[in-house]
Amino acid sequence: MTESKAYQVADWNGRSGEQWVANQTRLDAMLVAFGDAALSAAAAGEGDRVLDVGCGAGDTSRALAARVGPRGHVLGVDISAPLIDRAREAAPAGAPLAFELADAGTAALPERAFDLLFSRFGVMFFDDPAAAFAHMRGALKPAGRLAFVCWRGGAENDWVRLPMAAVADLIPLPPPPDPEAPGPFSFGDSGRVARILTDAGFVDVSIAPFDHPVPFGHGATREAAVDNAVDMAFQVGPLARLLAEQPDEIRAQAAEAVRRAFAAKPGERSVMIDGAAWIVTARNPAG
């Protein structure tokens, strides 16, 4: 296991996994439009067998299970034990659905078993993405389908851009990450995504932009929604990590700066911020 992968596993089985579980309702609400767009592109049908990669707390796995029905089956995999535990707890009784704690990029998968590989923001973290996708392609039936949604660049996504820019005068920001290093924006370059999938053996690769407002935070009033958005920014994401070791005075100043940034955006029950993603589809060769 590489140092990067070891960190990811430790993080998602520690703070990040616990924070995601604690904020699951708010986070799933942020992502539902993106997941729905990917589900539409995936076109899962009655009887399909589906692998949901990086399934998190199982929101998309449950949606897929409803589409494939009792003659189909969905296997959700994730590296985070807290999220897999939550997914199992939330699985409807009798649903054609199972969850495994595993890294889909390296785990033992049944050969030619699935009609569809699907992911909502779960495929941007592989150390060697071409090898990971080639490995997963081996689990697809001939002519099987791939569909996923991934973030575009951080500069296009307000859930990172807004809070980080708001505190730039208070705290030195970390240097930008290597754009190809595993992370939420490592698939921001559509050309790179196409190369990865082609190198992994997929054909008919299609990459389409998908822009949609993100409801960040929630509250019964506008003021409560802004406060909730600030709270979520402090709990989940890069700002939370940046402020983790800062003194209370800096954290208080940062909270005011982030509140002003969110208050400038529209929305009544949620702060509506910009979100930018790719909807990606491809196919396993039929031969």
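Residues numbered from 1 in each chain as written. Predicted model: local features only at pLDDT ≥ 70, side-chain atom pairs only at ≥ 80, totals over all residues. Heavy atoms only, no water.

Account for the side chain of Ser270, naming residues and giving values.
The topology assignment puts Ser270 in the loop between helix 11 (248-263) and strand 7 (271-283). Note on Ser270: relative accessible area 11%, which makes it buried. A polar contact of 2.7 Å, which involves the side chain of Ser270, links it to the backbone oxygen of Gly217. With near-sequence residues (within four places) excluded, Ser270 lies in contact with Pro215, Phe216, Gly217, His218 and Ala225. (Helix = DSSP H or I, 4+ residues; strand = E, 2+ residues; numbered from the N terminus. Buried < 20%, exposed > 50% of the residue type's maximum accessible area, 1.4 Å probe, protein only. Polar contact = N/O pair within 3.5 Å; in protein donor to acceptor, adjacent residues only side chain to side chain. Contact = heavy atoms within 4.5 Å.)

Go over the packing of helix 3 (residues 24-42) against helix 4 (residues 59-68) with me, naming the residues and quoting the values.
The geometry of helix 3 relative to helix 4 is characterised by a closest axis approach of 10 Å and an angle of 45 degrees between their N-to-C directions. By the angle between their axes, helix 3 is oblique relative to helix 4. Like other packed secondary-structure pairs, helix 3 and helix 4 cross with a definite hand, here right-handed. Between helix 3, through Gln24, Asp28 and Leu39, and helix 4, the contact on the second element is made entirely by Asp59, Arg62, Ala63, Leu64 and Arg67. Here the contact of helix 3 with helix 4 is built from residues that sort into three nonpolar, one polar and four charged. (Axes fitted to C-alpha atoms, helices over the stretch in contact; angles between N-to-C directions. Parallel < 35°, antiparallel > 145°, perpendicular 65-115°, else oblique. Left-handed = near helix turned anticlockwise from the far one by under 90°. Nonpolar A, V, L, I, M, F, W, Y, C, P; charged D, E, K, R; others polar.)

An account of empty space enclosed by the protein is needed here, citing residue identities and associated values.
Within this structure, the stated rule accounts for one cavity of 30 Å³ or more. A volume near 30 Å³ is recorded for the largest cavity. Surrounding the largest cavity, Val53, Leu117, Phe118, Ser119, Val123, Phe133, Met136, Leu146, Ala147 and Phe148 form its lining. Looking at the lining of the largest cavity, the elements that each hand over two or more residues are strand 4 (114-120), helix 6 (129-137) and strand 5 (140-151). Its residues assigned to classes, the lining of the largest cavity comprises nine nonpolar, one polar and no charged. (1 Å grid on protein atoms, 1.4 Å probe; cavity = no way out; pocket = protein on both sides within 12 Å on 5 of 7 lines; lining within 4 Å. Points joined across faces, edges and corners; volume = space filled by probe spheres on them.)

Residues and numbers for the pairing of strand 5, please.
Relative to strand 5, strand 4 runs parallel, the two sharing six bridges. Paired with Leu117 across the two strands is Leu146, which belongs to strand 5. Taken together, strand 4, helix 6 and strand 5 constitute a β-α-β crossover, and its handedness is right-handed. Relative to strand 7, strand 5 is paired through seven bridges, and the arrangement is antiparallel. By the bridge assignment, Val149 is partnered in strand 7 with Ile279. (Pairing = 2+ DSSP bridges. Right-handed = clockwise from strand over helix to strand, strands pointing away.)

Describe the packing of aromatic side chains, listing the residues and the values that go with them.
Summed over all chains, the structure comprises 12 aromatic pairs. An aromatic cluster is defined as three or more aromatic residues linked by ring pairs; in this entry it consists of Phe34, Phe121, Trp151, Trp159, Phe185 and Phe210. A cation over a ring is seen here: Arg152 above Trp278, with NZ or CZ 5.2 Å from the ring centre. (Phe/Tyr/Trp six-rings, centres within 6.5 Å; stacked < 30°, edge-to-face > 60°. Lys NZ or Arg CZ within 6 Å of the ring centre and 35° of its normal.)

Account for the nonpolar core, naming residues and giving values.
Phe133, Phe148 and Phe262 are the most contacted members of the largest nonpolar core, which totals 82 residues. Considering each element in turn, this core owes the most residues, eight residues, to helix 3. Contact partners of Phe133, with chain neighbours within four places excluded, come to Val123, Phe126, Leu146, Phe148, Phe187, Ile196, Leu197, Ala200 and Phe202. (Core = buried A, V, L, I, M, F, W, Y, C linked by side-chain atoms within 4.5 Å.)

Outline unusual backbone geometry, listing residues and values.
A positive phi angle, near 55 degrees, is found at Ala43, a position not held by glycine. Of note, Ala43 is situated in the loop between helix 3 and strand 1 (49-53). Notably, Asp204 is not glycine yet its phi reads approximately 55 degrees, a positive angle. Here Asp204 shows up in strand 6 (residues 203-216). A relative accessible area of 52% means that Asp204 is categorised as exposed.

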